[in-house]
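# Chains, contacts and geometry: an overview
Below, each chain spelled out in residue letters.
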Amino acid sequence: MSKKNNYMTFWEHLDELRKRIIYSLLSILTFSLTAYFWSENIKFFLMSPVLEIVAKIENSTLAYLSPQAPFMLYLSISLFSGIFLSLPAITYNFLKFIKPAVGKVSLTRFFSILVSSIVFFLLGILFTYSTLIPLSLDFLISFAEGEEMILSINSIISLILWSCFCIGLVFQMPIIAFFLSSIGLVTSKSLSKSRRYAFLVSFVLAAFITPPDVISQIILALPIVVLYELCIVVVKVKSKNE
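Residues numbered from 1 in each chain as written. Predicted model: local features only at pLDDT ≥ 70, side-chain atom pairs only at ≥ 80, totals over all residues. Heavy atoms only, no water.

### Side note on the overall build of the chain
- Secondary structure assignment for the chain yields 10 helices and 2 strands.
- The N-to-C order of helical and strand elements in the chain reads α-α-β-α-α-α-β-α-α-α-α-α.
- Viewed in the frame of its principal axes, the chain has a C-alpha envelope of about 70 × 45 × 25 Å.
- Residue burial in the chain is summarised as follows: out of 242 residues, 41% are buried.
- For the chain, contacts bridging at least 24 residues in sequence account for 82% of all contacts bridging at least 6. (Helix = DSSP H or I, 4+ residues; strand = E, 2+ residues; numbered from the N terminus. Buried < 20%, exposed > 50% of the residue type's maximum accessible area, 1.4 Å probe, protein only. Contact = heavy atoms within 4.5 Å.)

### Describing the packing of aromatic side chains
- Summed over the entire model, instances satisfying the criterion amount to 10 aromatic pairs.
- A ring pair is formed by Phe 84 and Phe 121, whose centres lie 6.1 Å apart and whose planes are at 55°; its orientation type is tilted. Taken as a pair, Phe 84 in helix H3 (residues 69-85) and Phe 121 in helix H5 (residues 107-141) lie far apart in primary sequence, 37 residues in all.
- Accessibility expressed as a relative area gives 4% for Phe 121, which makes it buried.
- Judged by centre distance (6.2 Å) and plane angle (80°), the rings of Trp 162 and Phe 165 are edge-to-face. Taken together, the residues Trp 162 and Phe 165, both in helix H6 (residues 153-170) and 3 residues apart, mark about one turn of the helix.
- Three or more aromatic residues link up through ring pairs in this structure, and these residues are Phe 80, Phe 84, Phe 121, Trp 162 and Phe 165. (Phe/Tyr/Trp six-rings, centres within 6.5 Å; stacked < 30°, edge-to-face > 60°.)

As far as function goes, none of this settles anything; it's purely spatial.
Okay, here's the thing in structure tokens:
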């Protein structure tokens, strides 16, 4: 890399990408192995809102549906836990990789972006775990009232983990908008003009992420709309400060 203009060749970019991916994977592997020993506790934590809902329904049972299900469940929990706990390391390596593309960034701003990204991801997880999942499952399970229901523990945990992960990524919208504006791909005016299409995409995206019911889709679509408005504010403030 040239120290004078911070220029990197194509192969240097590839080498830097390889290095950042390896660092991130090592972090995920380390935390996943650690989380495996706590997977039982994590399982009960994830299931706690579900247990309250299932308890309301008579003749409902949580069960493993195959011999390998418990082992696969603990593997999934440890892997996702490793990814969640590695979020700071993954975000740091991602920011370090794209730093040459967005120009000179002060150390203070760099860590502000890092912390903001983590906070938004955690807010997405909190929203999913505390609001979206309980309301969605309560709505869906209510249709089985009076009937026997056997719920797969693996399916429930997978739904919670994937929803938390996907919605955590969706909550990165303001951070993505900041970087896109840094390289000149979006402006506050272009985002404002695309508002009506963004609202439509919000509901389509919510339909793909959430369980197949209208209530869940609306609950998720509304925060996405708010995040889009926040993107406009972030880009506008950034433009004024430049």
